[in-house]
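Observations on chain architecture
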Amino acid sequence: MVLEFEGVEKSFRDSEGLVPVLRGVSFGLKAGETLALTGESGSGKSTVLHIAAGLEAADAGAVRVSGQDMAQMDDAARAGLRRTDIALVFQQFNLIPSLTVADNITFQAALSGRVDKTHVDGLVEALGLGPQMRKYPEALSGGQQQRVAIARALAARPRLMLADEPTGNLDEATAEDVLAQMLKLVAQTGAALLMVTHSPAIAARMDREIHLSGGQLT
Ligand SMILES: Nc1ncnc2c1ncn2[C@@H]1O[C@H](COP(=O)(O)OP(=O)(O)OP(=O)(O)O)[C@@H](O)[C@H]1O
């Protein structure tokens, strides 16, 4: 298993006290598998993604990435696992404005010493980013920026890709192109994909779908 949630619970505190968001969430994701996570606004989808990425801690239950229990690791070990095994793609592209497209793509992979030029060249080619490599993000369209974010995410050959509405900011035709390219590349690299989406059509393109409601999977 690349990702395992076992009885995960999470609450947040607001002015009225503790608000439970996840009430015992369990699922597993294998290498090469794609999983859609759906649910109404506020149902806790992003919270699941943040916990899977080790950006937030579960209150109870176990979260394992590549078999390693996140709660048993210190911050440095979690950060290391994030660099080597996990990639994130968000609705906002989160590129670094002061770096060229080429440097945006390789910056994070370089941190973990995992830049394989042939692999990166293949991603750039597949995503049609060749002509953009020396430009800065501000000169790119939204679809091009998300392609850069996808290339960056896959550059370090992650085992787990976590995506939060990755095509939510794109027009329909561009979203379709970007999604198709992303799914093809994820399949080629053998990564497991957990993708939050509001779109039943997009969810239907994944191997499986899990739905969050009332803090539990239905
Ligand atoms: N850091 C936080 N502090 C306090 N409350 C939080 C925090 N993060 C999330 N919440 C609350 O937890 C609930 C679930 O939020 P989350 O963002 O996971 O939902 P979501 O399903 O991703 O929603 P959306 O589809 O609107 O993005 C919401 O009520 C939100 O206000």
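Before going into details, it helps to say that this report is about the structure given with it. (Residues numbered from 1 in each chain as written. Predicted model: local features only at pLDDT ≥ 70, side-chain atom pairs only at ≥ 80, totals over all residues.)

Attention now moves to helix α2 (residues 75-85). Taken residue by residue, α2 has Arg78, Arg82 and Asp85 as its buried positions. Looking straight down α2, one finds its buried side chains confined to an arc of 105°; they lie on one side. Taken together, the buried residues of α2 touch β4 (60-65), β6 (86-89) and β7 (160-164). (Buried ≥ 20, exposed ≤ 12 C-beta atoms within 10 Å, placed from the backbone. Helix = DSSP H or I, 4+ residues; strand = E, 2+ residues; numbered from the N terminus. Arc of directions from axis to C-beta. Contact = placed C-beta atoms within 7 Å.)

In this sheet, strand β9 (residues 208-213) lies alongside strand β3 (residues 34-39) in parallel orientation, the contact comprising five bridges. When the sheet's bridge partners are listed, Leu35 is paired in β9 with Arg208. Both β9 and strand β10 (residues 216-217) contribute to a ladder of two bridges, which runs antiparallel. Bridging across to β10, Leu212 finds its partner in Leu217. Connecting the antiparallel pair β9 and β10 is a turn made up of two residues, with Gly214 showing a positive phi of about 60°. (Pairing = 2+ DSSP bridges.)

Looking now at the sheet that holds strand β2 (residues 17-29). The four strands are arranged β2-β1-β4-β5 in an open sheet whose pairing can be described as antiparallel. Whereas interior strands pair on both sides, the edge strands pair on one side only; in this sheet they are β2 and β5 (68-69). Where strand β1 (residues 3-14) lies against β4, five bridges are found, and the strand directions are antiparallel. Its bridge partner lying in β4, Glu9 is registered against Ala60.

Counting residues in each nonpolar core, the largest one holds 58 residues, and the members touching the most others are Ala52, Ala151, Leu160, Met161, Leu162 and Leu194. Top element by residues in this core is helix α5 (residues 142-155). It accounts for seven residues. Leu162 has contacts with Leu49, Ala52, Ala53, Ile86, Leu88 and Leu194, leaving out every residue within four places of it along the chain. (Core = buried A, V, L, I, M, F, W, Y, C linked by C-beta atoms within 7 Å.)

The immediate surroundings of the ligand are formed by Phe12, Val21, Gly39, Ser41, Gly42, Ser43, Gly44, Lys45, Ser46 and Thr47. A total of three residues in the shell around the ligand trace back to one element, the largest contributor, which is helix α1 (residues 45-52). Each residue belonging to the shell around the ligand can be placed in one class, and the counts come to two nonpolar, seven polar and one charged. (Near = placed C-beta within 6 Å. Nonpolar A, V, L, I, M, F, W, Y, C, P; charged D, E, K, R; others polar.)

Let us now look at the sheet that holds β7. Pairing in this open sheet of six strands is mixed, and the strands run β6-β7-β8-β3-β9-β10 from one edge to the other. Every other strand in the sheet has two partners, leaving β6 and β10 as the edge strands with one partner each. Taken strand by strand, α1 contacts β3, β7, β8 (192-196) and β9, and its axis lies near 150° from that of β8. (Axes fitted to C-alpha atoms, helices over the stretch in contact; angles between N-to-C directions.)

The next point concerns the packing of helix α4 (residues 117-126) against α5. Where α4 meets α5, the axes come as close as 10 Å, and the angle between the chain directions of the two elements is 155°. By the angle between their directions, the pair α4 and α5 is classed as roughly antiparallel. When you trace α4 past α5, the crossing you get is right-handed. Across from Val120, Leu123 and Val124 in α4, the residues of α5 making contact are Ala151, Leu154 and Ala155. Taken together, the residues of the contact of α4 with α5 break down into six nonpolar, no polar and no charged. (Parallel < 35°, antiparallel > 145°, perpendicular 65-115°, else oblique. Left-handed = near helix turned anticlockwise from the far one by under 90°.)

Once that is clear, we can look at the packing of helix α3 (residues 101-111) against α5. It is at 7 Å that the axes of α3 and α5 come closest, and there the two elements cross at 30°. Classed by the angle they form, the pair α3 and α5 counts as roughly parallel. Helix-helix and strand crossings are classified by hand; for α3 and α5 the assignment is right-handed. Facing α3, whose interface residues are Val101, Asn104, Ile105, Thr106, Gln108 and Ala109, α5 presents Val148, Ala151, Arg152 and Ala155. Taken together, the residues that form the contact of α3 with α5 break down as six nonpolar, three polar and one charged.

That's the geometry; what it means functionally is another story.
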